[in-house]
Amino acid sequence: MIDFYLNGKRRQCTDVSPDTSVLELLRTQLGHTGTKEGCASGDCGACTVAIGEPDDNGELRYHNANACITPAHQLHGCHLVTVEGLSRGDALHPAQAAMVECHGSQCGFCTPGIVMSLFTLHEAQRRHPAPLTQESLEAALGGNLCRCTGYRPIRDAALSMGTYPDTHPTWADDPDLAINVAKLRESASTTPELAAQGHFTAPRDLATLRELKRQRPHARLVAGATDLWLEATQQLKVLDDLIDVRQVAELNAIEETPQGWWIGAAVTYSRLEPLLEAHYPAFAHLMHRFASSQIRNRGTLGGNVANASPIGDTPPVLLALDARLSLDGPDGERELPLAEFFLDYKKTALKDNEFIRAIFLPRLADGQNLKVWKLSKRREDDISAVLAAFAWRLEDGVMRDVHLAFGGMAAIPRRASRAEQALEGQPPSVAAFDAAKRALHDEFQPMTDVRGAAEYRQVTASNMLERLRLILVAASNKNSHAEVTLDAYAH
Amino acid sequence: MRTLTDISQDSSRTRRGVDRQASGGAGAAHPHESAIKHVTGRASYIDDIVAPADAVHIALGLSPVAHGRLTRLDLEKVKAAPGVVDVITIVDVPGHTDIGPVFPGDPIFVDDEISYVGQCLFAVAAESHKAARLAVKQAIVEIDEQPASLDPVAAAERGEFVRPTHVQESGDWQQVLDGAPHVLEREQFVGGQEHFYLEGQACLVTPTEDEGVVVYTSNQHPSETQKLVAEVLNIPFHAVTVEMRRMGGGFGGKETQASPWACIAAIIARRTGRTTRIRLPRAEDMRVTGKRHPFHNRYRLGFDDQGILLGGDITVIGDCGYSPDLSEAIVDRAMFHADNAYSLGQVRVTGHRAKTHTASNTAFRGFGGPQGMMIIEAAMDDIARQVGEDPLTVRKRNLYRAGRDVTHYGQKVEQLELLHDIVMQLEAKSDYWARRRAITEFNANSPIIKKGLALTPVKFGISFTAKHLNQAGALLHVYTDGSVMINHGGTEMGQGLHTKVCQVVARELGLDLERVRITATRTDKVPNTSPTAASSGADLNGQAARDAATQIRERLFDFAAAHFFKDQGGLDREGMRLENGELVAGEGESAHRIPWGELVQAAYMSRISLSAKGFYSTPLIHYDRQTAKGRPFYYYAHGAAVSEVSVDTLSGEYQVTRVDILHDVGDSLNPAIDIGQVEGGFIQGMGWLTSEELKWNEAGRLVSDGPATYKIPTFGDLPPVFNVELMQGHPNSQASIYRSKAVGEPPFMLGMSVWSALRDALSSLTGYRECPRLDTPATPERVLMAAEALRRRQATATAVEETSDDLA
Ligand SMILES: Cc1cc2nc3c(=O)[nH]c(=O)nc-3n(C[C@H](O)[C@H](O)[C@H](O)COP(=O)(O)OP(=O)(O)OC[C@H]3O[C@@H](n4cnc5c(N)ncnc54)[C@H](O)[C@@H]3O)c2cc1C
Ligand code: FES
Ligand code: FES
């Protein structure tokens, strides 16, 4: 049974198959058709809903999410808000009123999703008012496609909704809502009944997760589902045996050590953001271009690594940083350098009964630099054609500890060891970089696919080295003013 | 009815005497009629309609190969799959099996020959959508695969066309080319475009008691769907009713290509006697339906030292896919727009309709016009580099002007002053020349980041080129509480057509907009309608609605003159008017005022009909395909845009940093809606030319078949500076509805300024001596490859120069 609140009212749904999405639940079982399907793949945002979960202070925090790829079972102990639940009688919520007055809808099909993303932005602004910048608006709305308006009126609505009378949805009157939601979470998710159903199990601690993995080694793990669910919606695979890691406390921890941070595998990108902003600005900047807020709110670092896609965005960065993994399972825990994790196309060193417990991010050493460049057809919410992450130190004018990691250039994310050698111990000279480019050209044979031709990948990867050289030259030459990066791509 | 409703609460009555304009009438920036429903989730789309619990759901079995013969189709396991209710193939179609909209060539299911990946082989109806989709996978399909023809240029060379080639000629272009001081010859590829309407193809059919069906469909052309469904079922048209409330986007993609699903669902509904639903999952929608035609264009043009065109030869080849669909008219429109806003001189324009093994390409905002314009805009840039002038200078010199004001198909361009005014005003507003200087200087000092700037105009012909489609009907009812219902043949897809038509009626009847309601478009209310396309929705249906409203008004005036104030000699018929919810007769203090509700009730009691049907057909237009001359367009809509870009020449990535637009809508019917169309059209046009890349693999399978791989503009692509204005002071020179102009398609082509700005930025790599070929979409990949090619050529050129210097 899924026990949750929908627009302030308790709902208990039984007989929901494990691979049902929130969108299917809403549209076909609950008769809530305000939430639309535009793609069923997390890309368009038409299905955007807000999910409220109790935070550490027991207050409900709402994030926007793609209902089409969110497992219905993950609603357990949550407050789901849909477009039908925003107004107060006839009085529109500011997100809605602003959209009407700014002429923010034409065909209206994207509108419920846009309104929900505006709603979560409005909620966030209510808690922590902050000036809305181009960047913060893109972060809030980049996952909502609109084919009609061209977005200008939607931008205006986002900018003006703060000036509307703050009409609360009717459910916001209920003082006990947060407590009741929290109660459901505490009680129900650990009930033996839930575990006995067997097929969608959400353990709350590491010991239970290990035990479940022992009993059901072939059960699929699900975290944010932002990769996994596409198998259901796009390939029509039946996912009938799932273990949800989102609730496992140990996998949600961020542990600081003198050397760096252990990031629990189930930590979402949104939660990781402050740490990245503070310690790895280049990585944080990449995350602005990683998918959309809907995806970042649910997707996890563990999922990105486990998915082992050659075009996953974080693995090259993690490789450049010498990240390590903690792999865990019924047979105990072991550590593995990330570089040894990826074996071949989508093949990893993870054993059947294992899972990723955490990822270790080493602190940047003194003088260590990190640059990350993502190349895609569209700046926002697009998968990389090529991604490069470079780390190095400059010591007495020569480059040391050179790490050049690439995605999109081979069957797995990996470092360009020969190009690294060409630069190691060298000053950033044209000759050294030419040698590195030649080595790079030799050690990768990228492929041609829908995101780019092999030649394009080769040329741009090589040009990323060139950009690095130009930046190093510019840094050492106070007279150079010419920009080498576009504003929106700079970090 | 026996008694009339009490209208003492009549708002026009309570507000009487207050000096106010009837709110929301034509010309006002009223919000979309469904805006509140959109934002609350109450607006209902096809898949939101509540169906009976026993409704069945359809999934389609599609061809995995592009070309071949179907040798075996074994559906036994499909039929046995859980939840399956019915399975049909071509042999189960009771009536017509060819559903080609204009010309034959579109079989509803494959019979024998397979012509593209995604062509329908069979359909499954099951208890749930998922059950139907899973059952499809059980089919055993064997195909004798044959080589697919995927290259339209090669197809054209082999003479493989879906329709005959058409040629337009004006003057002795060959002689002009021979004698021209300069001649340039270039080619380009202009990519297609996926509609990506957010609501995919969807339809729901209920069987009726009399062997017919009611069809609810997301559809731009209900009357055509009615016809095709009737033909497929082999029943009279009056047994089929098509209803269409709103689309979640259409853009041309639901003009002809919404019908097949309606036909298939109708067959199943009749066979099972159950309500039948169909909706295409996104990836299927993208594979199965046609797109904007990709075009291969070339020109050979002669010009003088000023860069002014003397004439030449232009060829456009549209990649039509496997069947004619609307390609005849689409390639015609590309040809009609190969001049854009410029006088071509003595020219031949040839249009080929190449047949390839892909989905049948179809209507998409601009209907071939944009693809045709691209060739002349390319030429403007190329010629400018050749004669060493700024591209804007060359564009201005070539604009239609007095003495050079007749198109290559013989139509006179009437609003010359408007065209020049737009360009000149925009040039000033956008500060073009100062920015040009700043950019040239910036580029000289910036080796990697290059900026580009371009102004491109638009002149777009308004009317269906198929003359008979230029007609419309409307049905207007006034009820005895004074509320008004209007229906017309147009369909609402977000463009605000219904809002505008309500505004027209409100203005004609002097009422508040709340009093006028519009409901779903239905074939049993207004029959034999044209598609909502060619930007003509408001022009045609607005006029038809106005005709109906005018009839009611005149009828009420006649009635009022005879009925009211008889003792005072009756009312003055001459000066009567409807305003602010009242009938007013006479002037000033002595004027008589009768509230609308009272007027209506009195008319009813006197047995005056309160219903009228309106009709409109566009005057003046004609085109003779034999002579390739005529006046296919009632008028032209104009506009211009200036775009600025910054290009990273190491990666090919770029940003559009500023856009200024000035667009002509005549006297606007609704400025807010018109601005929305201009902005949305521009961004969609920009997407077409930049990030939206369709890719097929060698086997002819579309690999960019979802939003993960096909990238339409998103929030961050909105230019940070985006100044959009409607041109003021130029009412339509033709008697269109309130002298407004169509606005659906024309702004789409303003997106060309972004592409031209990219070429400008790249051209700076050669010191503005060369303009690179830049096929579209100009993805970062294409931009980078163009930059690399220019750099390579520059390097060799400099090397050559240096060697020759050495020799000297
Ligand atoms: C619209 C959209 C945009 C996207 N954009 C990007 C992008 O820009 N860059 C990018 O890199 N990716 C992108 N992705 C992919 C995806 O969001 C990321 O890979 C994400 O990190 C996956 O995390 P998750 O928690 O959702 O994983 P899930 O989908 O839950 O799981 C993915 C896989 O990992 C396994 N798994 C999950 N957790 C564990 C664990 N703890 N131990 C072992 N195995 C585990 C699952 O069994 C599954 O096989 C995008 C996806 C979508 C739908
Ligand atoms: S339906 Fe497109 S993101 Fe969910
Ligand atoms: S209003 Fe149509 S997609 Fe946004």
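Residues numbered from 1 in each chain as written. Chains lettered and ligands numbered in written order. Predicted model: local features only at pLDDT ≥ 70, side-chain atom pairs only at ≥ 80, totals over all residues.

**Student:** Quick rundown of the overall build of chain A? Include the residues and the values.
**Tutor:** A tally of regular secondary structure across chain A gives 17 helices and 19 strands. For 491 residues, the compact-globule formula gives about 23 Å, and the C-alpha radius of gyration of chain A, at 23 Å, lands near that figure. A burial count over chain A gives 54% of its 491 residues as buried. Across chain A, the fraction of contacts at a sequence separation of at least 24, relative to all contacts at a separation of at least 6, is 67%. (Helix = DSSP H or I, 4+ residues; strand = E, 2+ residues; numbered from the N terminus. Rg over C-alpha atoms; globule rule 2.2 N^0.38 Å. Buried ≥ 20, exposed ≤ 12 C-beta atoms within 10 Å, placed from the backbone. Contact = placed C-beta atoms within 7 Å.)

**Student:** Please give an account of the overall build of chain B that cites residues and values.
**Tutor:** In terms of regular secondary structure, chain B is built from 20 helices and 29 strands. A globule of 808 residues ought to have a C-alpha radius of gyration of about 28 Å, and chain B, at 29 Å, matches this closely. Along the first, second and third principal axes, the C-alpha set of chain B runs to 110 × 75 × 50 Å. Sequence-distant contacts in chain B: of pairs separated by 6 or more residues, those separated by 24 or more amount to 80%.

**Student:** Describe in detail the UniProt feature "domain: Aldehyde oxidase/xanthine dehydrogenase a/b hammerhead" (unreviewed entry) in chain B, supporting the description with residues and values.
**Tutor:** Here the UniProt feature "domain: Aldehyde oxidase/xanthine dehydrogenase a/b hammerhead" (unreviewed entry) sits at residues 40-147 of chain B. The span residues 40-147 of chain B carries 13% helix and 31% strand; its end-to-end C-alpha distance comes to 51 Å. (UniProt positions renumbered as here; feature names shortened; annotations may be inferred.)

**Student:** How would you explain the interface of chain A and chain B if you had to name every residue and give the values?
**Tutor:** Put simply, an interface is often sized by how much accessible area is lost when its parts join up. Between chain A and chain B, the contact holds 69 residues from the first and 69 residues from the second. Considering each element in turn, the side of chain A that touches chain B owes the most residues, seven residues, to helix H17 (residues 454-476) of chain A. Here the residues of the side of chain A that touches chain B sort into 32 nonpolar, 21 polar and 16 charged. (Nonpolar A, V, L, I, M, F, W, Y, C, P; charged D, E, K, R; others polar.)

**Student:** Before we move on, could you go through the site of ligand 1 and cite the residues and values that matter?
**Tutor:** All names here are of chain A. For ligand 1, the set of nearby residues contains 29 residues, the closest of which are Gly42, Ala223, Gly224, Gly303 and Asn304. In terms of residues, the shell around ligand 1 owes the most to one element, helix H13 (residues 301-307), which gives five residues. Residue composition of the shell around ligand 1, by class: 14 nonpolar, ten polar and five charged. Residues from two domains meet in the shell around ligand 1; each of domain 2 (189-244) and domain 3 (251-362) gives at least three. (Near = placed C-beta within 6 Å. Domains from an automatic or database assignment.)

**Student:** Can you lay out the environment of phenylalanine 200 of chain A for me, pointing to particular residues and giving the numbers?
**Tutor:** Residue and element names in this part refer to chain A. Looking at the element boundaries, phenylalanine 200 is found in strand E6 (residues 200-201). Residue classification places phenylalanine 200 among the buried residues on the basis of 26 C-beta atoms within 10 Å. Sequence separation of phenylalanine 200 and histidine 73 is 127 residues, and the distance between their C-alpha atoms is 7.1 Å. Setting aside residues up to four positions removed in sequence, phenylalanine 200 forms contacts with Pro18, His73, Leu242 and Asp244.

**Student:** Pulling in residues and values, what's your account of the sheet that holds strand E18 (residues 484-488) of chain B?
**Tutor:** All names here are of chain B. If you walk across this open sheet you meet the four strands as E19-E18-E17-E24, and the pairing is mixed. Of all the strands in the sheet, the pair left with one neighbour each is strand E19 (516-518) and strand E24 (611-617). Taken pair by pair, the neighbouring strands of this sheet meet at an average axis angle of 25°, ignoring direction. Relative to E24, strand E17 (residues 471-478) runs antiparallel, the two sharing seven bridges. In the sheet register, histidine 477 faces E24, and the bridge partner there is serine 611. (Pairing = 2+ DSSP bridges. Axes fitted to C-alpha atoms, helices over the stretch in contact; angles between N-to-C directions.)

**Student:** Hey, could you go over the domain arrangement of chain A for me, with residue numbers and the actual values?
**Tutor:** Per the domain assignment, the segments of chain A are domain 1 (2-173), domain 2 (189-244), domain 3 (251-362) and domain 4 (384-489). Computed over C-alpha atoms, the centres of domain 2 of chain A and domain 4 of chain A are 40 Å apart.

**Student:** Report on the sheet that holds strand E6 (residues 140-145) of chain B, specifying residues and quantitative values.
**Tutor:** Residue and element names in this part refer to chain B. Overall, antiparallel pairing links the three strands, which are arranged E4-E2-E6 in an open sheet. Edge strands, defined here as strands with exactly one partner in the open sheet, are strand E4 (113-114) and E6. With two bridges connecting them, strand E2 (residues 68-74) and E4 associate as antiparallel partners. Each residue of the ladder has a partner; that of arginine 69, found in E4, is glutamate 113.

**Student:** Quick one: what's the story with the domain arrangement of chain B, residue by residue and with numbers?
**Tutor:** Residues and elements named next belong to chain B. Assigned domains within chain B: domain 1 (11-30 + 471-617), domain 2 (47-148 + 195-288) and domain 3 (149-193 + 292-401). Contacts between the two partners involve 20 residues from domain 2, matched on the other side by 18 residues from domain 3. Along the lines of polarity and charge, the residues of the side of domain 2 that touches domain 3 split into eight nonpolar, ten polar and two charged.

**Student:** Break down the environment of glycine 425 of chain A for me, with residues and values.
**Tutor:** All names here are of chain A. Mapped onto the fold, glycine 425 is located in the loop between helix H15 (417-423) and helix H16 (430-443). Residue classification places glycine 425 among the exposed residues on the basis of 12 C-beta atoms within 10 Å. For the pair glycine 425 and arginine 393, spaced 32 residues apart in sequence, the C-alpha separation works out to 10.0 Å. Filtering out sequence-adjacent residues up to four positions away, glycine 425 remains in contact with Val398 and Arg400.

**Student:** Outline the packing of helix H10 (residues 327-336) of chain B against helix H11 (residues 369-387) of chain B, supporting the account with residue identities and numerical values.
**Tutor:** Residue and element names in this part refer to chain B. Two elements in contact, H10 and H11, have axes separated by 7 Å at closest approach and are oriented at 35°. Of the two elements, H10 crosses H11, and the hand of that crossing is right-handed. Residues Arg333, Ala334 and Met335 of H10 pack against Gly369, Gln371 and Gly372 of H11. (Left-handed = near helix turned anticlockwise from the far one by under 90°.)

**Student:** Residues and numbers for helix H1 (residues 22-29) of chain A, please.
**Tutor:** All names here are of chain A. When you tally the buried positions in H1, you get six out of eight residues, the bulk of the element. Val22, Leu23, Glu24, Leu25, Leu26 and Arg27 are the residues of H1 that are buried. Buried residues in H1 make contact with strand E2 (9-13) and strand E3 (48-54). A positive backbone phi angle near 65° is found at glycine 31, which sits one or two residues after H1.

**Student:** Tell me about unusual backbone geometry, and please be specific about residues and values.
**Tutor:** In this model, threonine 776 of chain B is joined to proline 777 of chain B through a cis peptide bond whose omega is 0°. Summarising the element assignment, proline 777 of chain B is placed in the loop between helix H19 (752-763) and helix H20 (780-807). If you check the backbone angles, asparagine 7 of chain A has positive phi at about 45° while not being a glycine. Within the secondary structure, asparagine 7 of chain A sits in the loop between strand E1 (2-6) and E2. In this structure, asparagine 580 of chain B takes a positive phi of about 45° despite not being glycine. Here asparagine 580 of chain B lies in the loop between strand E21 (577-579) and strand E22 (582-585). On the basis of neighbour count, asparagine 580 of chain B is assigned to the buried category, with 21 C-beta atoms found within 10 Å.

**Student:** Tell me about the pairing of strand E1 (residues 56-62) of chain B, residues and numbers included.
**Tutor:** Residues and elements named next belong to chain B. The buried fraction of E1 is high, at six of seven residues. Examined bridge by bridge, E1 and strand E12 (residues 276-279) share three bridges and lie parallel to one another. Paired with isoleucine 58 across the bridge in E12 is isoleucine 278. Both E1 and strand E5 (residues 120-126) contribute to a ladder of six bridges, which runs antiparallel.

**Student:** Explain the packing of H11 of chain B against helix H12 (residues 391-398) of chain B to me, using residue names and the numbers behind them.
**Tutor:** All names here are of chain B. At a minimum axis distance of 8 Å, the contact between H11 and H12 shows a crossing angle of 115°. Judged by the angle between their axes, H11 and H12 are roughly perpendicular. In the packing of H11 onto H12, the handedness of the crossing is right-handed. Between H11 and H12, the residues in contact are Met380, Asp381, Ile383, Ala384 and Val387 and Pro391, Val394, Arg395 and Asn398, respectively. (Parallel < 35°, antiparallel > 145°, perpendicular 65-115°, else oblique.)

**Student:** Run through the environment of arginine 289 of chain A, naming residues and quoting values.
**Tutor:** Residue and element names in this part refer to chain A. For arginine 289, the position within the fold is in the loop between helix H11 (281-288) and helix H12 (293-296). For arginine 289, a count of 23 C-beta atoms within 10 Å puts it in the buried group. If we ignore the near neighbours within four places in the chain, the residues touching arginine 289 are Lys374, Arg379 and Glu380.

**Student:** Kindly report on the confidence of the model for chain B, identifying the contributing residues and their values.
**Tutor:** Regions with low pLDDT should not have their predicted coordinates read in detail. All names here are of chain B. Per-residue pLDDT for chain B averages 95, and the proportion of residues at 70 or more is 97%. Scored below 50 in pLDDT, residues 11-22 makes 20 contacts in the model with residues more than four places away or belonging to other chains. For this predicted complex, the interface confidence score (ipTM) comes to 0.96, while the overall pTM stands at 0.97. (pLDDT = per-residue confidence, 0-100.)

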